[in-house]
Structures are given as structure tokens and as C-alpha cells.
Amino acid sequence: MAHFLFLYAFASLIFWNADIVISADVNYQFNIINSNVAPDGFTRNAILVNNQFPGTLIQANKDDTLHINVSVQLDNPNMRRSTSIHWHGLLQHTAFTDGPAMVNQCPIAPGHSYTYDIPLNGQSGTFWYHSHLSTQYVDGLRGPLVIYDNNDPNIGLYDVDDATTVITLADWYHGFAPALQANYFSPDNGGGQEPVPDSGVINGLGRFNGGPTNVPRAVVNVISGKRYRLRVINISGFAQFRFSIEGHSMTIIEADGIPHEPLTVGSFNIYVAQRYSVVITANQPVANYWIRAPMTVSGASDNPNLDPEDIFAVLHYAGAPNGDPTTEANVSPDGVLLSENNLHAIGLPVPGGSGPADRTIDLDFTKSTDSNGAVEWTINGIQYLPPDLPTLLNIIANNFTFESNFTRPEHTFVLNRNNVIDVTIHGSLNGITHPFHLHGHAFHVIQSSDGGDENFVNPPVRDVLGVGGGGVKIRFETDNPGPWFLHCHIDWHLEAGLAVVFAEAPQDQRSGPDAEIIKNTWLDLCPIYNALPPDQQ
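Residues numbered from 1 in each chain as written. Predicted model: local features only at pLDDT ≥ 70, side-chain atom pairs only at ≥ 80, totals over all residues. Heavy atoms only, no water.

*Asks:* What exactly am I supposed to notice about the overall build of the protein here?
*Replies:* The helix and strand tally for the protein stands at five helices and 32 strands. The C-alpha atoms of the protein give a radius of gyration of 22 Å, which matches the 24 Å a tight globule of 537 residues would have. Taken over the C-alpha atoms alone, the protein extends approximately 65 × 50 × 50 Å along its principal axes. Expressed as a percentage of the 537 residues in the protein, the buried residues total 60%. Summarising the internal contacts of the protein: among those between residues at least 6 apart in sequence, 77% fall at separations of at least 24. Surface accessibility of the protein: about 19200 Å² in total, with carbon and sulfur atoms responsible for 50%. (Helix = DSSP H or I, 4+ residues; strand = E, 2+ residues; numbered from the N terminus. Rg over C-alpha atoms; globule rule 2.2 N^0.38 Å. Buried < 20%, exposed > 50% of the residue type's maximum accessible area, 1.4 Å probe, protein only. Contact = heavy atoms within 4.5 Å. Areas by Shrake-Rupley, 256 points an atom, 1.4 Å probe, with all protein chains shown as cover.)

*Asks:* In this structure, what is going on with the state of the cysteines? I would like to understand it.
*Replies:* Think of a disulfide as a covalent bridge from one cysteine sulfur atom to another cysteine sulfur atom. The final tally for this structure, using the stated rule, is one disulfide. Two residues share a disulfide in this structure: cysteine 106 and cysteine 526, whose sulfurs sit 2.1 Å from each other. Disulfide cysteine 106-cysteine 526: the torsion about the S-S bond is 90 degrees, which places it as right-handed. With cysteine 106 in the loop between strand E5 (85-88) and strand E6 (113-119) and cysteine 526 in helix H5 (residues 520-530), the pair connects residues that are 420 residues apart, well separated along the chain. Neither residue differs from the other here; cysteine 106 and cysteine 526 are each classed as buried. (Disulfide = S-S within 2.5 Å.)

*Asks:* Is there a simple way to explain the environment of serine 298 in this structure?
*Replies:* As for its position among the elements, serine 298 is in the loop between strand E20 (295-296) and strand E21 (312-317). On the basis of relative accessibility, which here comes to 22%, the residue serine 298 falls in the partly exposed class. Separated by 103 residues in sequence, serine 298 and proline 195 place their C-alpha atoms 9.2 Å apart. Contacts of serine 298, omitting those with residues within four sequence positions, involve Gln193, Glu194, Val196, Phe238 and Ile432.

*Asks:* Teacher, can you tell me more about the sheet that holds E5 here?
*Replies:* In sheet architecture, strand pairing relies on hydrogen bonds along the backbone and comes in two forms, parallel and antiparallel. The mixed open sheet is built from four strands, whose spatial order is E3-E8-E7-E5. Edge positions in the open sheet fall to strand E3 (58-61) and E5, since each of these has one partner strand only. Sheet twist, expressed as the mean angle between neighbouring strand axes with direction ignored, is 20 degrees. (Pairing = 2+ DSSP bridges. Axes fitted to C-alpha atoms, helices over the stretch in contact; angles between N-to-C directions.)

*Asks:* Please explain the side chain of threonine 135 as it appears in this structure.
*Replies:* With respect to the helices, strands and loops of the structure, threonine 135 is situated in the loop between strand E7 (125-131) and strand E8 (142-148). A residue is classified by how much of its surface remains accessible, and threonine 135, at 2% relative accessible area, is buried. Here glutamine 181 takes part through its side chain, which lies 2.7 Å from a polar atom of the side chain of threonine 135. Once residues within four sequence positions are removed from consideration, threonine 135 is found in contact with Ala177, Gln181, Asp491, Trp492 and Glu495. (Polar contact = N/O pair within 3.5 Å; in protein donor to acceptor, adjacent residues only side chain to side chain.)

*Asks:* I keep staring at the pattern of salt bridges and nothing clicks. Help me out?
*Replies:* Once the charged atoms of two side chains with opposite charge are near each other, the side chains can pair. Taken as a whole and assessed by the stated rule, the structure comprises 20 salt bridges. Notably, a salt bridge pairs arginine 227 with aspartate 159, separated by 2.9 Å at the nearest N-O pair. Taken as a pair, arginine 227 in strand E13 (residues 227-234) and aspartate 159 in the loop between E8 and strand E9 (166-172) lie far apart in primary sequence, 68 residues in all. Across the pair arginine 359 and glutamate 403 runs a salt bridge whose closest N-O atoms are separated by 3.2 Å. Highlighted residues: arginine 359 in strand E22 (residues 359-369) and glutamate 403 in the loop between helix H3 (391-397) and strand E24 (412-415), separated in sequence by 44 residues. For arginine 359, a relative accessible area of 27% translates into the label partly exposed. On the basis of relative accessibility, which here comes to 35%, the residue glutamate 403 falls in the partly exposed class. (Salt bridge = Lys/Arg side-chain N within 4 Å of Asp/Glu carboxyl O.)

Everything listed here is a matter of coordinates, which is why it stays silent on function.
In C-alpha cells, the structure reads:
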């Protein structure tokens, strides 16, 4: 069945070729099922796309339109049985396709299907998809998404860029997400320690302490003399990684779907939901080399299964013997560690230049406990809680226009059209760098946690930013009407309330050229979902 699904998607792609680019309707079928899987040698039931982890790789060209039919066939009562899917990094210009449950849609109920129709509108780069219902994607519903551009400004730097050069990094849990979440929120959890993963996996393969040692390492094949664009994606729920390749420098050319000026480094930190494209040249002696991605998570020692250093794959040169490298695995990488403020986006001037923003929003986050002793994360003293009806539906059907229309726990900021917005994010870190993600936009990183002065000339541009130290400052322009989530992408923190919503030009979603043309199948999602018993939601 999985083989058939791959062929279906491949045929619908109308053959991707960097030299022949045509607009196409690209069709994918996503069967969301419960099935057993053992990425690290421990067998557990999971939530899978087309019976695989990571899920099916989506590939398309920048002017295509994606049509992804999601058929929900979940029946394991230990995990969430409905779902919604977010296409992370795609700048949706129809807000109802973005995916977050109770912001942009009601979830898709078990036994039902829904098709996401997504015009790409010239956007390209490295993305991913994942469930956006509670902490569900921790149970497996996540996978890579790549949009190609044969006019990429850095295309002359690499020879190979295809499915074989996509690298996913993920944390993996042996327990079910709802049970882990319940423990996290339990007053007995003390200080609210996040659930610690059991292992880290690269392209779906890894190992854990005490587990089988014959689980193979993922392999990336190269040929001497060729230059490869590796698309590295952190699809974790909690963990950050430090990525490097033994004996090879890496030239960063993309961050979160945005082309950047080439920058050569020896290693880089990659936080939850971030993506980097790096170019490596296969210019070393024919052999096998370690791909290293040690993990950083708070409380790592609390889970004896986790060895945060034992996260490796193999760069295999054609002509070398099959097998692991013969060199020492745990060696610090050579070269410079990426400092984010050294990244410079190509051809994207800062909105408003160095002038003041039209509106500045200050977000101060902290961890505390509620009256029952359960952990909560708040921004400006408010714990985000989802509404009973999606924010978008309230805007369209109930004429929500002003901040006063939304409840306090919805923590919704209404933004005017075509304004320059500065957002400062800072708070009590609790020993964690918090990856904040903005939906609906890529933003300019005016001030990074990596230090340096404010940059209004040529800063990095991305959609996920690690918040640590003294905080960060981002800027974007409100040119895309819709309700857009801004949240910490550590899934446990999002579920605990570390989020706000920016309702951008709500009146323009009801009338005018940007008015939402809502599909009946989208409108049907809420009554079907609301009629479900709790154990099927």
C-alpha cells in the first residue's frame, strides 16, 4: 500500500526536474493510521502518515498547487483520534488552510477526510508538516515538505538536491503523548519538568540506552566531487540538536525557507521546527563519515533510556565499504559554530527600514502553576486556551473584529492592515531556549539571542526563532489577513498556554479582494467534530 501511495504522489507531481518547471496540481493522499513502528528498536503503536515515520515526503515546484487529501483512520484510544495538519512555513494566503485546531479550523474526525488545497504562489524552500492538535504530533504525525525553485539564487552552488538529501532530526518517545501530557500537568510533577524523550532519530532511525544495538544508522550517499544541498529539518516536539558532519564544512544557504547569503560553518544549533539548507562538497577521501546531531533537552538525565550524544547517521562515499565509520564518533566538530546574527537574507529589505514600527508588542513569558498545582506557561500573565469555535470562524461568521470580541484566554491581538509590527519576546527561560514560531509570515530578526546589535539593514529572515538570554526582537508587515498563531514550538509548552494569536485585518477576511472563500467541507468540520464523544476527539 505504501508503495502504491508513493507512486500516486510521484505521478501526480508530473516529474520534478530542475530544468523543466511547469505549474501543476500536485496530489497527495495521506492515510492517517495507527500502526506499530520501531524507529529506535522499541516497538510502539503510533500515529503515522501512510504507515511510515517520518511521514511521506511532499515535493512540488514553487508555482504548483498542492491538494492533500487527509483521511483519518485512527482507532487507538490511547492517542488522539481526530487530527488537523499544519503545513509549517507555507505562507498561506487563505487562512483556512493553515491547520491549527481551533484557530484556523476544527479537527478532522475519525472516519472522515478533508482536502487541503494550497496554492504555493511562488514560495519555495524547506518546510515540514505536523499535527496541530494538542501534542499529537509527538506520537508520530510529522514529515518533510520541500518546494523547489530552479531560479534559486544559490542554485549554482550545488549539483544534487533531491529526496536523498533531506535529513530529518526528531526526538522519539516510547510513551503515548496524552499520558505524557497528563503526567506533565499533574501537580505531582513538582516543577513541571517536560516529558523527556527516549531517543533521538535521524531520518527515522536511532538507538536508546539498553535497546538493540543492531538498529541501522541512516545513510546519506554521496559521490566524490559532487556538491550536495542537504535540507536539515528539526521535526521534534522538544529537543534541539547541534548538527555537524565529520571532516566536512557546511555552507548555509537557506534558513526556514528563505534564501540567505552563503555562510560557511562547522556546526549549527537547530531548534524545534527550524530548517537549514547547507551545501557540502564530497571532497574527502572515499570513506564513511559521521553525521552528528547530539541533543539538548532539559532534564535529559531523568530518562535513563536517553543518550543525548548517541544520535548519528553516516555520510557514505560511493566506493567505501558499507558500515559505520571507523573513527571516533563523539568528537567535537571542527570549524565555527553558527551565530545566527551572521546570517543575511537575500533581497528582503526590512519593512520600514530603520524607522519606528507602527505598533510595538512586548511579550513577557513565564512558567507558573495554576490553582490546582498544574504547570502553566503564560504570556503577559495570560495562559492561552483555545476557544470552542475556531478563531477564523468567529471572524467570518460572528464578525469578531476587535480585541474585546475575544475572550481573555484566547489572548488575541487585532492588527491593522499594512502596518509594520515589532514584537519583542523575552521571559523566564527555565534553562530552555524557546523556539517561537509565527504562522502566516516570515519575519526579520532585528535582534537575535545570539547577540550583536539591532540589524535593520540585512538581518536573517525566518519563521522560527530561538528565544534565550536577553530575548529577541522581530519585525513583519501585516500584508496577509488572517488569524495567525505565535507560539513556542515545544509542544508541551504550547499545550500549557505559551501562545498568542494575531488577528490580522479581520474585516478584510469578510469583504474585499482578500475575503475568505470558505469551502463547504471546511464548514462541515465543526459540527462533525463537536458531535464526537470525547474519546474520539
